[in-house]
Amino acid sequence: MSYRSRAYKLFSYSVISSFQKHIPIRCQSLYSKTHISKIKIQAITKPYSTSTDRPFILGIETSCDDTGCAIVDGKGRILGEALNSQHLVHLRNGGIIPPIAQELHRKYIEPVVNETLNSANLTMNDIDAIALTVKPGLPMSLMVGIKYAKYIARKFSKPIIPIHHMQAHALMARMEN
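Residues numbered from 1 in each chain as written. Predicted model: local features only at pLDDT ≥ 70, side-chain atom pairs only at ≥ 80, totals over all residues. Heavy atoms only, no water.

**Quick look at the packing of aromatic side chains**
In plain terms, the rule: Only Phe, Tyr and Trp rings are paired, with Trp represented by its six-membered ring, and only when their centres lie within 6.5 Å; those with planes under 30 degrees apart are stacked, over 60 edge-to-face, the remainder tilted. Only DSSP runs of H or I reaching four residues or more are called helices, and only runs of E reaching two or more are called strands; each is numbered from the N terminus. A simple rule labels every residue: compare its accessible area, found with a 1.4 Å probe on the protein chains alone, to the largest value its type can have, and call it buried under 20%, exposed over 50%, or partly exposed in between.
Inspection of every chain in the model, using the stated rule, returns 1 aromatic pair. Ring centres of Tyr-148 and Tyr-151 lie 6.0 Å apart, and the angle between their planes is 45 degrees; on these two criteria the pair is classed as tilted. Here Tyr-148 and its partner Tyr-151 are both found in helix α4 (residues 139-156), 3 residues apart, which amounts to about one turn of the helix. Its relative accessible area of 12% is what places Tyr-148 among the buried residues. On the accessibility criterion, Tyr-151 (44% relative accessible area) is partly exposed.

**Looking at the pattern of salt bridges**
Here is the rule: Put simply, a salt bridge is a Lys or Arg side-chain nitrogen that is within 4 Å of an Asp or Glu carboxyl oxygen.
According to the stated counting rule, one finds 2 salt bridges in the structure shown. Between Arg-77 and Asp-73 there is a salt bridge, with its nearest N and O atoms 2.7 Å apart. For Asp-73, a relative accessible area of 1% gives the class buried. In this structure, Arg-106 engages Glu-103 in a salt bridge whose closest nitrogen and oxygen atoms are separated by 3.4 Å. Taken together, the positions of Arg-106 and Glu-103, both in helix α3 (residues 98-120) and 3 residues apart, correspond to about one turn of that helix. A residue is classified by how much of its surface remains accessible, and Glu-103, at 44% relative accessible area, is partly exposed.

**Observations regarding the environment of Ala-82**
Relative to the helices and strands, Ala-82 resides in strand β5 (residues 78-85). Under the relative-accessibility criterion, Ala-82 is labelled buried at 0%.

**Topic: α4**
Counted only if it meets this: Given a helix with a known number of residues, its expected span is that number minus one, times 1.5 Å.
Taking 1.5 Å as the rise per residue, α4 with 18 residues should run 26 Å; its terminal C-alpha atoms sit 25 Å apart, in good agreement. By the burial criterion, the buried members of α4 are Ser-141, Leu-142, Met-143, Val-144, Gly-145, Ile-146, Tyr-148, Ala-149, Lys-150, Ile-152 and Ala-153. One or two residues past the end of α4 sits Ser-157, with phi positive at roughly 55 degrees.

**Quick word on the pairing of strand β4 (residues 66-72)**
Defined as follows: DSSP calls a pair of strands paired once it identifies at least 2 bridges connecting them.
Of all the 7 residues making up β4, 6 are buried; the element is thus mostly covered by neighbouring parts of the structure. Inspection of the sheet shows strand β3 (residues 57-61) paired to β4 by 5 bridges, in the antiparallel sense. Across the sheet, residue Ile-57 finds its bridge partner in β4, namely Val-72. Here β3 hands over to β4 after 4 residues, the two strands then running antiparallel side by side. One ladder, built from 7 bridges, connects β4 with β5; its direction is antiparallel. The residue of β5 that forms the bridge with Thr-67 is Asn-84. Between β4 and β5, which pair antiparallel in sequence order, lie 5 residues; one of them, Gly-76, sits at a positive phi of approximately 85 degrees.

Here it is, written out as structure tokens:
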């Protein structure tokens, strides 16, 4: 299994686990300037489809230097995925420079999400929830993913599932091939 596939399976496992164990949630900023430490979690009581493969969850990952997105179904299958790597840009600069990473996330977040939806042959109306990495990571990079997820969640009335990056890595031991 490639690193990319393992990463998306890891993310999908943590998203599905969160979705099954908890009430779907929506992140809302307490202040106009969003700070990761000032996120308020709010329960949502929206019913979901009873289709066997539902829910369809859109996952967004911007914790460091890659803009990643995947859609998983209720069985943990990856329906679509897209990744924009910033590796070569940061290699030329001698390492990850947060403002550059942030700008590249801003530039590519929407095309990556659209590519993921296209590869899964779904629209935002088909998506039941949006999962995103909220911590830990580079704050400037995380904020791009958080703000974009909040934007599409509001636009399409979708709940948000916050994902802790390191807890997702720890769940890797529970993964099955």
